[in-house]
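A structural walkthrough
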Amino acid sequence: VTVPSDLNFTDIGQFAFSNFDYVDKVEGVDEISDEDPNNTKVQYLGENTITKVILPVGIEKIGPYAFAGLTALEEVVIPYTVEAIEYGAFYGCTSLTTVSYIDENGKTISGEGLKNVKLINMGAFQDCDLRGELLLDNARAIGDYAFANNKNLGSVTIPKALQKYMGCEVIK
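Residues numbered from 1 in each chain as written. Predicted model: local features only at pLDDT ≥ 70, side-chain atom pairs only at ≥ 80, totals over all residues. Heavy atoms only, no water.

What to know about the sheet that holds strand β3 (residues 61–62)
The strands making up a sheet associate through backbone hydrogen bonding, with each pair oriented either parallel or antiparallel. For clarity, the threshold we go by: Note on pairing: DSSP must find at least two bridges between two strands before they are called paired. By definition, any uninterrupted DSSP run of H or I lasting at least four residues is a helix, any uninterrupted run of E lasting at least two residues is a strand, and each is numbered from the N terminus.
Read from one edge of the open sheet, five strands run β1-β3-β5-β8-β10, paired in parallel fashion. Whereas interior strands pair on both sides, the edge strands pair on one side only; in this sheet they are β1 (11–12) and β10 (141–142). Note: strand β8 (residues 119–120) against β10, two bridges, orientation parallel. For Leu119, the partnering residue across the bridge sits in β10 and is Ala141.

So this is what it looks like as structure tokens:
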């Protein structure tokens, strides 16, 4: 899945591509509800055949559970403009091994997709299969269980100030 850059999106909304069973599917509903404006288009866009997602430069935030439950997803390519990954954004993407990065020059760098992200919220990558080293150079906040159950994760590099705040100065 490649999100087109000419649409000038800045956010990927909650449940946008998710494959969660508990999100209600309502046939023919694609409008904002006055009672619940946060749950528009509650039909799934995602499915278990999506293996790679490429987000365009200009995206600033990946919303809650935006890609959650896509069990075939192996790689996501995040541009340097993304600053926040909300809770559960990639939760349960059990095949997700790589988060790549599009730099300011348009070059894709494998495995460095989180280096400009400032907020990685609770459970953002919980129950994925991330591998290698994570570079969280600009992280200001990392939520509970953000990387829980990533059993093949090699190492995580976070800023010194955040290490001290988290009380884990032994982390690189």
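Continuing now.
A short note on a nonpolar patch on the surface
The following threshold applies: Only residues above 30% relative accessible area that lack a salt bridge enter a patch, with like-charged residues linked at up to 9 Å and the nonpolar side chains Val, Leu, Ile, Met, Phe, Trp and Tyr linked at up to 5 Å. For accessible areas, the Shrake-Rupley method is used with a probe of radius 1.4 Å. Any residue's cover is judged against the shown protein chains and nothing else. By definition, a salt bridge exists where a carboxyl oxygen of Asp or Glu is found within 4 Å of a side-chain nitrogen of Lys or Arg.
Taken together, Tyr87, Met122 and Tyr145 make up a surface patch of nonpolar side chains, about 350 Å² in accessible area. Structurally, the position occupied by Tyr87 is in the loop between β5 (84–85) and β6 (98–102).

So, the sheet that holds strand β7 (residues 108–109)
One open sheet accounts for four strands, arranged β2-β4-β6-β7; its pairing is mixed. The sheet is open, and its two borders are formed by β2 (52–54) and β7, each paired with just one other strand. Pairing analysis gives two bridges linking β6 to β7, with the strands arranged antiparallel. Looking across to β7, one finds that Tyr101 is bridged to Ile109.

Brief notes about the packing of aromatic side chains
Which entries qualify depends on this criterion: Here a Phe, Tyr or Trp ring, Trp counted by its six-membered ring, pairs with any other such ring whose centre lies within 6.5 Å, and the pair is stacked when the planes are under 30 degrees apart, edge-to-face when over 60, and tilted otherwise. Three labels apply to residues, based on accessible area from a 1.4 Å probe with only protein chains included: buried if under 20% of the type maximum, exposed if over 50%, partly exposed otherwise in between.
Counted under the stated rule, the structure contains four aromatic pairs. Between Phe90 and Phe125 the ring centres are 5.1 Å apart and the planes differ by 10°, which places this aromatic pair in the stacked class. Highlighted residues: Phe90 in the loop between β5 and β6 and Phe125 in the loop between β8 and β9 (132–135), separated in sequence by 35 residues. Both residues of the pair, Phe90 and Phe125, count as buried.

Details of the pattern of salt bridges
For side chains of opposite charge, pairing can occur when their charged atoms come near one another. What the rule picks out here adds up to four salt bridges. For Lys52, the salt bridge is made with Glu75, and the minimal N-O distance between the two is 3.7 Å. Taken together, the residues Lys52 in strand β2 and Glu75 in strand β4 (residues 75–79) connect sequence positions 23 residues apart. With a closest N to O distance of 3.4 Å, Lys115 and Glu112 form a salt bridge. In this structure Lys115 comes out as partly exposed when scored by relative accessible area, which is 22%. On the accessibility criterion, Glu112 (22% relative accessible area) is partly exposed.

Details of the confidence of the model for the protein chain
In plain terms, the rule: As a per-residue measure, pLDDT reflects the predictor's confidence and takes values from 0 up to 100. For this analysis, residues touch if any pair of their heavy atoms sits within 4.5 Å.
Confidence in the prediction for the protein chain averages 79 pLDDT; 72% of positions are at 70 or higher. At the level of individual helices and strands, the protein chain shows its lowest average pLDDT in helix α1 (residues 160–166), which scores 65, and its highest in β5, which scores 96. Below a pLDDT of 50 lies the segment residues 167–172, which in the model reaches eleven contacts outside its immediate sequence neighbourhood of four places, other chains included.

Comments concerning the environment of Ile50
The residue Ile50 is located in the loop between β1 and β2 in this model. For Ile50, a relative accessible area of 10% corresponds to the buried category. Sequence separation between Ile50 and Glu75 is 25 residues; the distance between their C-alpha atoms is 9.6 Å.

Things to note about the pairing of β6
Counting buried positions over the five residues of β6 gives four, a clear majority of the element. Relative to β6, β4 runs parallel, the two being bridged by five bridges. In the sheet register, Val76 faces β6, and the bridge partner there is Val99. Between the end of β6 and the start of β7, which pair antiparallel, lie five residues, with Gly106 showing a positive phi angle near 85°.

Quick look at unusual backbone geometry
We note that Tyr65 has phi near 55°; this positive angle belongs to a residue other than glycine. Mapped onto the elements of the fold, Tyr65 is located in the loop between β3 and β4. Overall, Tyr65 belongs to the partly exposed group, its relative accessible area being 22%.

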